[in-house]
Structures are given as C-alpha cells and as structure tokens.
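One-letter residues, chain by chain:
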Amino acid sequence: MKCRVCKAPAFIKLPAHNTAFCPQHFQEFFLRQVERTIKKYRMLPPGAKVAVALSGGKDSLVTALVLKLLGYQVWGFFIDLGIEENDFSAASRRAVEEFCSRENLPLEIFSLKEHFHKTISQLALREKKTCALCGVTKRHLMNEYALKIGAYALATGHTLDDMAASLLANLFRWDLHYLSKGLPHLPPEPGFARKIKPLALQGEREILAFAQLHEIKPVEAACPYAREAKFKRYKAALDMLEEKSPGIKRYFYEGYTRHAHRFREETARPPMMSCLVCGFPSVSPICTFCRTWREEEARQRMAKKEPECYNGHKSFEDEVEKCKDG
Ligand code: SF4
Ligand code: ZN
Ligand code: ZN
C-alpha cells in the first residue's frame, strides 16, 4: 500500500478512513484530526494554557505532545501514587520526567507519601475498592492543580477505544448518570475545572503509531491493582465489530455525543455543599478525598459539627461506609 498523498510506501494503513500514509503525512493527518476534534467540541481557544494529567502511559504523553505541537501551553501534572509493586509508580514517574525534560514542558509532581504519609498500596491493604478510591484521589488532585495554575482546561488522555468501551458498558447498565457525563468536553462548574479529552476520536493504533514516530517511551509496568477484565471484554467486542465494519467505533461514539443531552435532562445532580476540610464541592459534609487522605482532620471537623449536619449519618465511620458504597 502507498501513502495517499505522496505515493511513498505506507507506514500505516487506516481502514476506518479508507486510507494509508507515510510517516510524514500520517503525522500531519493525526495532528489535523485532533485539531478538528478540539474545534468540533469547542475545547480550547488558540494558545490556551492546559493542564495535562500525565500517568506515564502512551495516551497521556501523546496528548501532551499533540497539544504542544498544536501551539497550546502545556503544563504537566503527575501524581506519585506510591505503588511499589512492579516498580509501578517509580517507573511511571521516570517516564513522565524524561518526557517533560525532553519536550521542555513544566511538570509538577504530587507525591501522596510526602503529603499524606501514606500511599495507594497502604490503602489497598485495608480497602477493597482500591481503584475507586484511586480514581477519586486522582480526580480531586488534578482538578485542584488545574484550578491552582489557572488553566483554561484539564486534559486527559482518554482515547476513542476508552470512550466507546465505557459508553457501551454504561449502556448495558443503563447508567443514566454516567451516560450524561461521557462527552469529550465538560464545561467548568463552580469548584470544577473544564475537562477535555482531545484524543476522544483517535483510535489506539493511530496513537501508538504517533508515539512510535516521536520515540515516546511510556511506562511498561502495569498497575498491580488493575482489574479491567470486564472493560477489556467491551473493548474486544468493539474491536471485533471494527474489524468487520471499519469506522463503527467512531460512528457509535460520535453519534452519542450528538444525543448525550437527552441523558442530562434525565439525571438531576445531587445537592452540593462545601467540604468542611478542603472547601471543594461535595455531596456530603466531608468529601471522599478528605475522608481517605486527611482522616484525622476529617474526624476532628466532624466531631465539631452539629449532628443534623451529618446528612443523617451517625458517625464518621458511617460517613466512610457511605462513601465506600457510593
Ligand atoms: Fe489506580 Fe486502579 Fe489505575 Fe492502579 S489500576 S492506577 S489503583 S485506578
Ligand atoms: Zn506521504
Ligand atoms: Zn474535602
């Protein structure tokens, strides 16, 4: 197969676009595609300052590089979760540091161990829902960082494969709340930064090819707590459909983005209050992040509070239980 533009031998074939490219024209095509996604969903004005959540994986590193090449001011943020198994956190940190130093990007590292004297691994010993609490932790810290640096938006590296698989999973469960939040651009709200997913219409193969072209070296170790079997099944089902009908993933997800407002109308947001410890919006007097990482302070604040402020929960322990169930 030959490059559609210059007829040189093709470096990548893209059945979903019914085309193939040499390295140079693929790079131009990829950047143009992401630029179109950014414009289509009105994610960023030209040259905006963007906080990019970097995990060390290829998707977040490619997100940062593409935004930089498109002329945005990229500020990297990495959370050291303190996961020692598989050397996971240290290896992820090294991948992010090397990438940011090579690309000359500002980077802030937030270490859970340094700030809270405990880590995700320690949490995992007593909590069953490690990934749920890790997700809450990352969302809270990333949001705080984006607001702190005055970024126009917080960008994450979610891909078309991620977005389509979680859409399918949420449709199977008819989870209207998540179905209302699966868009690639969520506007800011009081206490919440704007959230964008610039790679939401790019497939894994294209992202991998772009990473290889730019010699991006992502972390190879896997998180020992990853239990993605179910999610992988949805991805595999979509891969199978994509093979038979190239472009179907994108058609499925783009179609959803046109109809997502219908789900929003169906789900009322729970009333929000300010967390007594950190002041960020929360559905209970103390947010899940503070209950998890600032236990002592949370306990003291709850003890000072009048019982009627406990949202019907009798004690701090009840609050923690409620959070684990939620
Ligand atoms: Fe955190 Fe779970 Fe992801 Fe590991 S797999 S980084 S514990 S969310
Ligand atoms: Zn070419
Ligand atoms: Zn809080």
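Residues numbered from 1 in each chain as written. Chains lettered and ligands numbered in written order. Predicted model: local features only at pLDDT ≥ 70, side-chain atom pairs only at ≥ 80, totals over all residues. Heavy atoms only, no water.

Octahedral metal centres with six donors ideally show angles of 90 or 180 degrees, and tetrahedral centres with four donors ideally show 109.5 degrees. The coordination sphere of the zinc ion (ligand 3), as far as protein atoms go, consists of C275 (SG), C278 (SG), C287 (SG) and C290 (SG), spread over 2.3 Å. Because the angles between the four donor atoms bound to the zinc ion (ligand 3) fall within 105 to 113°, the donor set is best described as tetrahedral. Sequence positions of the donors to the zinc ion (ligand 3) reduce to the motif C-x2-C-x8-C-x2-C. (Donors = N, O, S within 2.8 Å, 3.2 Å for Na, K, Ca; no water. Tetrahedral: all angles 85-135°; square planar, octahedral: opposite > 155°, others 65-115°.)

As a further point, take the pattern of salt bridges. In total, this model carries 16 salt bridges according to the counting rule given. In this structure, the salt-bridge partner of R94 is D87, at a minimum N-O distance of 3.0 Å. The partner of D161 in a salt bridge is K249, and the shortest N-O contact between them spans 2.6 Å. Taken as a pair, D161 in helix α7 (residues 160–173) and K249 in helix α11 (residues 248–266) lie far apart in primary sequence, 88 residues in all. (Salt bridge = Lys/Arg side-chain N within 4 Å of Asp/Glu carboxyl O. Helix = DSSP H or I, 4+ residues; strand = E, 2+ residues; numbered from the N terminus.)

Here we come to the domain arrangement of the protein chain. What the domain assignment reports for the protein chain is domain 1 (12–266) and domain 2 (273–322). Taking only C-alpha atoms into account, the centre of domain 1 sits 30 Å from that of domain 2. Taken together, the 18 residues of domain 1 in the interface contact ten residues of domain 2. Between domain 1 and domain 2, the buried area comes to about 1,200 Å², and carbon and sulfur atoms account for 73% of it. When the area that domain 1 buries against domain 2 is broken down by residue, the three leading residues are F116, K118 and H140, summing to 41%. Our enumeration of links across domain 1 and domain 2 arrives at one salt bridge. For E295, the salt bridge identified is with K118, shortest N-O distance 3.0 Å. Of all the elements in the fold, those that place two or more residues in the side of domain 1 that touches domain 2 are α4 (112–116), α5 (120–126) and α6 (130–148). The element contributing the most residues to the side of domain 1 that touches domain 2 is α6, with eight residues. (Domains from an automatic or database assignment. Contact = heavy atoms within 4.5 Å. Buried area = accessible area lost by both parts, 1.4 Å probe.)

Now for unusual backbone geometry. Although it is not a glycine, R42 sits at a positive phi angle of roughly 45°. Phi at E215 is positive, roughly 50°, even though this residue is not glycine. By secondary structure assignment, the location of E215 is in the loop between α9 (204–213) and α10 (229–244). Residue classification places E215 among the exposed positions, given a relative accessible area of 57%. (Buried < 20%, exposed > 50% of the residue type's maximum accessible area, 1.4 Å probe, protein only.)

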